[in-house]
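The lines below spell out each chain.
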Amino acid sequence: TPVPPVPTPMARIDGQRALFVIPDRFSVVEYRLPRTILEELGATVTIATYSSQAVLGSDGKQVEPNAFLVDAHAGDYDAIVFVGGSGVKTGDPEVQRIVREALAEDRVVAAICAAQGVLTRAGVVEANGADGPYVERNGKIITASGPIKSREFGESIAAVLGE
């Protein structure tokens, strides 16, 4: 399904780099909409997986990574984006390492849906008991409730990168 264009004029973020960490059985909507928004605004998106293998999306299609989390360093990116899905590994040592690096280097750290558990496990955010759909920002940390907020999530990441 094609992604509709970004509806509101936003600042260009040419030269910004985002690392999308996607698990096996990732949510296609939580991945595709934010990625499209960032790329349309000029950012370069790199896809990392927990292992060296391709991962399956919720639509059954494979996505090949162009980076492996074990080789990734937060300092090489302006934003680290954790995509939700049933394969999210909140306690994965490499996931926790990249979160710590990103925070230490003042990078944007964003997580949507099940991936928020990564930030909860790292002690960055408290488990969110908010009812209904939401996108929250605390400095350079962005969280979102799930697929219904994917567009706003992507726009929030772009807004912070454009500041």
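Criteria and cut-off values
Think of each chain on its own: its residues are numbered from 1, step by step along the sequence as written. With the structure being a predicted model, the display of local features is reserved for residues of pLDDT at least 70 and the display and counting of side-chain atom pairs for 80 or more, all residues being used for whole-chain, interface and lining totals. Only hydrogens and water are set aside when side-chain values are computed; all heavy atoms of the structure are taken into account. Under the scheme used here, helices are H or I runs from DSSP no shorter than 4 residues and strands are E runs no shorter than 2 residues, and both carry numbers assigned from the N terminus. Only the C-alpha atoms count toward the radius of gyration. The rule for a globule is 2.2 Å times the residue count to the power 0.38. For the exposure calls, accessible area comes from a 1.4 Å probe over protein chains only, and a residue counts as buried if that area is under 20% of its type's maximum, exposed if over 50%, partly exposed in between. By definition in these notes, contact holds between two residues if any of their heavy atoms fall within 4.5 Å. Here the accessible surface of atoms and residues is derived via Shrake-Rupley with a 1.4 Å probe, and residues count as covered only by protein chains that are part of the display. Under this rule, positive means Lys or Arg and negative means Asp or Glu; His and the chain ends count for nothing. By convention, the charge on Lys lies at NZ, on Arg at CZ, on Asp at CG and on Glu at CD. In these notes, a set of buried Ala, Val, Leu, Ile, Met, Phe, Trp, Tyr and Cys residues joined through side-chain atoms within 4.5 Å is what counts as a nonpolar core. Each reported salt bridge corresponds to a side-chain nitrogen of Lys or Arg within 4 Å of a carboxyl oxygen of Asp or Glu. Two strands qualify as a pair provided that DSSP identifies no fewer than 2 bridges between them. Here an axis means a line fitted to C-alpha atoms, over the contact stretch when the element is a helix, while the angle between two N-to-C directions is reported on a 0 to 180 degree scale.

Turning to the overall build of the protein chain, a few remarks are in order. Counting its secondary structure elements, the protein chain contains four helices and nine strands. N-terminal to C-terminal, the α/β element order of the protein chain is β-α-β-β-β-β-β-α-β-α-β-β-α. In terms of overall size, the protein chain behaves like a compact globule, its C-alpha atoms giving a radius of gyration of 14 Å where 163 residues would be expected to give roughly 15 Å. By its C-alpha atoms, the protein chain is 40 × 35 × 35 Å across when sized along the principal axes. Every one of the 163 residues in the protein chain was classed for burial, and the buried ones make up 49%. In the protein chain, the proportion of contacts linking residues at least 24 apart, taken out of those at least 6 apart, comes to 70%. When the accessible surface of the protein chain is summed, it comes to about 7600 Å², and 49% of that surface belongs to carbon and sulfur atoms. Of the charged side chains in the protein chain, 15 are positive and 21 negative, and the gap between their average positions amounts to 2 Å.

Here we come to the nonpolar core. Core analysis: the largest hydrophobic core is formed by 29 residues, its most contacted members being F20, L38 and I157. Those elements that provide at least two residues to this core are β1 (17-21), α1 (28-40), β2 (44-49), β6 (79-82), β7 (108-112), β9 (141-144) and α4 (150-161). Ranked by residues supplied to this core, first place goes to α4 with five residues. Residue contacts for F20: discarding those within four places in its chain leaves Y31, P34, R35, L38, V45, T46, I47, A48, V81 and V83.

Turning to the environment of I148, a few remarks are in order. Secondary-structure assignment places I148 in the loop between β9 and α4. Judged by relative accessible area, I148 falls into the exposed class, the value being 68%. Sequence separation between I148 and R121 is 27 residues; the distance between their C-alpha atoms is 24 Å.

The next thing to look at is the pattern of salt bridges. In the structure shown here, the tally under the stated rule is eleven salt bridges. Close ionic contact of D14 with R12 constitutes a salt bridge, the shortest N to O distance being 2.8 Å. Across the pair D106 and K140 runs a salt bridge whose closest N-O atoms are separated by 3.3 Å. Linking D106 in the loop between α2 (93-104) and β7 with K140 in the loop between β8 (135-138) and β9, this pair joins segments that are 34 residues apart in sequence. Classification of K140 as partly exposed rests on a relative accessible area of 33%. Residues joined by salt bridges that share partners form a network here, namely E94, R97 and E101.

Moving on: the sheet that holds β9. Pairing is mixed in the open sheet, where seven strands are placed in the order β5-β2-β1-β6-β7-β9-β8. Single-partner strands in this sheet number two, and they are β5 (67-68) and β8. In this structure, β1 lies alongside β6, joined through four bridges in parallel fashion. Residue pairing for β6: V21 is matched across the bridge by F82. Those strands touched by α2 are β1, β6, β7 and β9, and its axis lies near 145° from that of β6.

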